[in-house]
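These are the residues of each chain, in order.
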Amino acid sequence: MGGALHDRHALVLYGSETGNAQDVAEELGRLAERLRFDTEVAELNAIPLRQLLQCSVLLIAISTTGQGELPPNSQVFWKALRSTRLRPGCLQQLRFASFGLGDSSYPKFNWAHRKLYNRLVQLGAQPICDRGEADEQHPDGLDGAFAAWSPKLRQRLLEEFPLPDNVEPIPDDVLLEPKWLLDFEEQQANSDADSIVKAPPQDFQGTSEDRPPLDLLDIPHGITATVLTNNRLTPRAHWQDVRQLTLSLSGHHPYVPGDVLTIYPKNFPSDVEQFLEVTHWKAIADKPLKFTPSPKTASSPPSRPPLPHHSTEKPITLRTLLTDHLDIMSIPRRSFFAHLAYFTDDEFQKERLLEFTNPEYIDELYDYTTRPRRSILEVLQEFETVKIPWQRVCSIIPAMRGRQFSIASALPTSSTNQESTLVELLIAIVKYRTVIKRIRQGVCTRYVASLQPGQNITVTLAKGGLHVTEAEIDRPAVMIGPGTGVAPMRSLIYQRKYWRHDLDIGEEAPHDLLFFGCRNAGSDYFFKDEWEALTKEGVPLNVFAAFSRDQQREKVYVQDLVRTHSALVYDAVVNKGGFIYICGSSGKMPQAVREALIEGIQQHGDMDREGAEAYLAALEKSGRYRQETW
């Protein structure tokens, strides 16, 4: 069958924050590999610009973060690409295609993708295909848009880079060789499978032992954090468990409102045990293994390691892999089913798996995976004839990724503590019953709920998208943060209090406005007592709260409060040059709030609809309208 052809190189780059763009890049890599390209997949920051001219074709997958920005792992590349020293036409030899991942609840939808695309074209690069774009708010999700776009890309690649006579693309029913394989650390000692002692069965279900191991993960730039408190803020009878998690980070780590802390979850022993059982790997679960480049890459080992947080120099066991590194409880993507189809001899199950990979059956895939939130573990339990080779597990199961949470606290500017940094988070624990009557739990928030005071975990800090500075303190902040979206608003309120104290700004300080929304005043009105205490202290803050379930008739949401108090909002933003911050759930809320703001500007500014929209767009462009939703 053969593989890649000489002088046929595809460079696949991604800019990703949560991992979705990386998943798309991996799929693009497999598509190019089947067309006989020697393929390299890497993050944008890992590649110098000069390397772009060494490939036959460049394929890009990039998400948009914050206020239309590129993800952190593409910022170095973007800075180099924007250099004024680059001459027009310097990339005219480059042919490329790109796919953007965005969220239409943000004003700057797919902005990062469009900026990158336009800059490449400006420098002479030639697109070989219409750019693809996905919207997280679309019913078919990101997979639906990619499934529709990728066949067009494949056709264009074959037209631009035709294969030689008598050479065909690698068929879909031929399994691609992974870059890395697992092998026994001591090959000879473990070569006889019959000699392996089986681990005793363990039953963790419903016992206190079913907690992830306490050992620290080795994360690049990781910070050791000690759990001080992990308190539930909502009543036990309330439908949702919301935690206020307080951490003490070792060392001095300054942060500002809008910054995020990433927690790296682990899987629970009971789930790992079930996975080992369904895959029939229990006998070798605790044997030391090593990563080796696959035979096809042995001459030039892949530049990217198989796991983001594990060195290939260190041995590892399947149990550790499944606990710390592989996301066995995630909802599978379309490509996962394509992989599974290779590993069953049952024709009925193979046909069913391949149906899920067909773009024509995208609705069936959604109904089977996303709608009931079915996990990878559950899929394997249902497709019991599938036998995944453990040597290939890292090319089939996605890597576990950290989850970001907006920081809910602020650092007093007078703090001189160099030994530790206090961080507070507001986290809604994801746990609910699905349409198929099964209880679902979020991978990371389930882990968060298990954390005990005194326990150490590894975290990282990253800059957020609100870009708050002390220079704004003389102008009011209009903060709209329903639910856990109030977390960065709390950080901002306290940070502005500290800044006002440092600058000795007293009664002349403009009043900030906080619009908060929740279901019930008695259940999930987060930090109510704090707001009252702050106003009694003289902090210039007005708080307006909407309780959507406390009314008999019509539900009241934050956008309704923005309309009710539109005169105050208009005065703060237009007359006093204030800033608007919107945080919380993406989806309908940001757009509904935006509509309420436009109506208020129309009403009090004596403008028509077009003028009010233009005014809000100007606020966005000048950085006075900032949104951070998730």
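Calculation notes
Residues numbered from 1 in each chain as written. Predicted model: local features only at pLDDT ≥ 70, side-chain atom pairs only at ≥ 80, totals over all residues. Heavy atoms only, no water. Axes fitted to C-alpha atoms, helices over the stretch in contact; angles between N-to-C directions. Helix = DSSP H or I, 4+ residues; strand = E, 2+ residues; numbered from the N terminus. Left-handed = near helix turned anticlockwise from the far one by under 90°. Contact = heavy atoms within 4.5 Å. Nonpolar A, V, L, I, M, F, W, Y, C, P; charged D, E, K, R; others polar. Domains from an automatic or database assignment. Buried < 20%, exposed > 50% of the residue type's maximum accessible area, 1.4 Å probe, protein only. Patch = residues over 30% accessible without salt bridge, like charges linked within 9 Å, V, L, I, M, F, W, Y side chains within 5 Å. Areas by Shrake-Rupley, 256 points an atom, 1.4 Å probe, with all protein chains shown as cover. Salt bridge = Lys/Arg side-chain N within 4 Å of Asp/Glu carboxyl O. Lys, Arg positive; Asp, Glu negative; His and termini not counted. Charge placed at Lys NZ, Arg CZ, Asp CG, Glu CD. Pairing = 2+ DSSP bridges. Right-handed = clockwise from strand over helix to strand, strands pointing away. UniProt positions renumbered as here; feature names shortened; annotations may be inferred.

## Observations regarding the packing of helix α17 (residues 588-605) against helix α18 (residues 609-621)
Look at α17 against α18: their axes get within 9 Å of each other, and the N-to-C directions meet at 120°. Pair α17 / α18 crosses with right-handed handedness. Residues R594, E595, L597, I598, I601 and Q602 of α17 pack against R609, A612, E613, Y615, L616 and E620 of α18. Of the residues belonging to the contact of α17 with α18, the class tally is six nonpolar, one polar and five charged.

## Things to note about the domain arrangement of the protein
The assigned domain composition of the protein is domain 1 (9-160), domain 2 (223-264 + 403-462), domain 3 (268-295 + 312-395) and domain 4 (470-629). Computed from C-alpha coordinates alone, the two centres of domain 3 and domain 4 are separated by 45 Å.

## A short note on helix α7 (residues 318-325)
Summarising burial for α7: seven of the eight residues are buried, a large majority. If you check which residues of α7 are buried, you get L318, R319, L321, L322, T323, D324 and H325. Elements that come into contact with the buried residues of α7 comprise β7 (180-184), α6 (269-279) and β11 (289-293).

## Describing a negative patch on the surface
On the surface, D345, D346, E347, E351 and E384 cluster together to form a negatively charged patch. Here E347 is to be found in helix α9 (residues 347-355). Residue classification places E347 among the exposed residues on the basis of a relative accessible area of 55%.

## Observations regarding the pairing of strand β19 (residues 541-547)
Pairing analysis gives seven bridges linking strand β18 (residues 512-518) to β19, with the strands arranged parallel. The residue of β19 that forms the bridge with F515 is F544. Read as a crossover between parallel neighbours, the route from β18 over helix α14 (residues 528-537) to β19 is right-handed.

## Re the sheet that holds strand β12 (residues 403-406)
Spatial strand order, β12-β10-β16-β8-β9-β13: six strands in an open sheet with antiparallel pairing. Two strands lie at the open edges of the sheet, namely β12 and β13 (420-428), each paired on one side alone. For this sheet, the mean angle separating the axes of adjacent strands, direction not counted, is 40°. Here four bridges tie strand β8 (residues 223-232) to strand β16 (residues 456-462), and the two strands are oriented antiparallel to one another. Bridging across to β16, T224 finds its partner in T458. The sheet contacts of helix α12 (residues 443-450) involve β8, β9 (242-250), β10 (260-263), β12, β13 and β16, and relative to β12 the element is tilted by about 65°.

## Observations regarding unusual backbone geometry
A positive phi angle, near 55°, is found at R373, a position not held by glycine. Checked against the element boundaries, R373 lands in the loop between α10 (362-368) and α11 (376-382). Unusually for a residue other than glycine, H467 sits at a positive phi of about 55°. With respect to the helices and strands, the residue H467 is situated in the loop between β16 and β17 (477-480).

## What to know about the UniProt feature "domain: Flavodoxin-like" (unreviewed entry) in the protein
What UniProt calls "domain: Flavodoxin-like" (unreviewed entry) maps, in this numbering, to residues 10-154. The span residues 10-154 is 33% helical and 23% strand by assignment, and the distance between its end C-alpha atoms comes to 13 Å.

## Remarks on the sheet that holds β19
Strand pairing in a sheet is mediated by backbone hydrogen bonds. Such pairs are either parallel or antiparallel. Taken together, the five strands give an open sheet; going across it, the order is β19-β18-β17-β20-β21, and neighbouring strands pair in parallel fashion. This sheet does not close on itself; its edge strands, each paired only once, are β19 and β21 (625-629). Neighbour-to-neighbour, the strand axes of this sheet turn through a mean angle of 10°, independent of strand direction. The pairing of β17 with strand β20 (residues 579-584) spans four bridges and is parallel. Paired with M479 across the bridge in β20 is Y581. Seen against the sheet, helix α16 (residues 566-575) touches β17, β18, β19 and β20 and runs at an angle of roughly 135° to β18.

## Considering α16
Taken together, the buried positions of α16 are occupied by S566, V569, Y570, A572 and V573. In the core, the buried residues of α16 are packed alongside β17, β18, α15 (558-564), β20, α17 and α18. Just beyond α16, the residue with positive phi is G577, at close to 65°.

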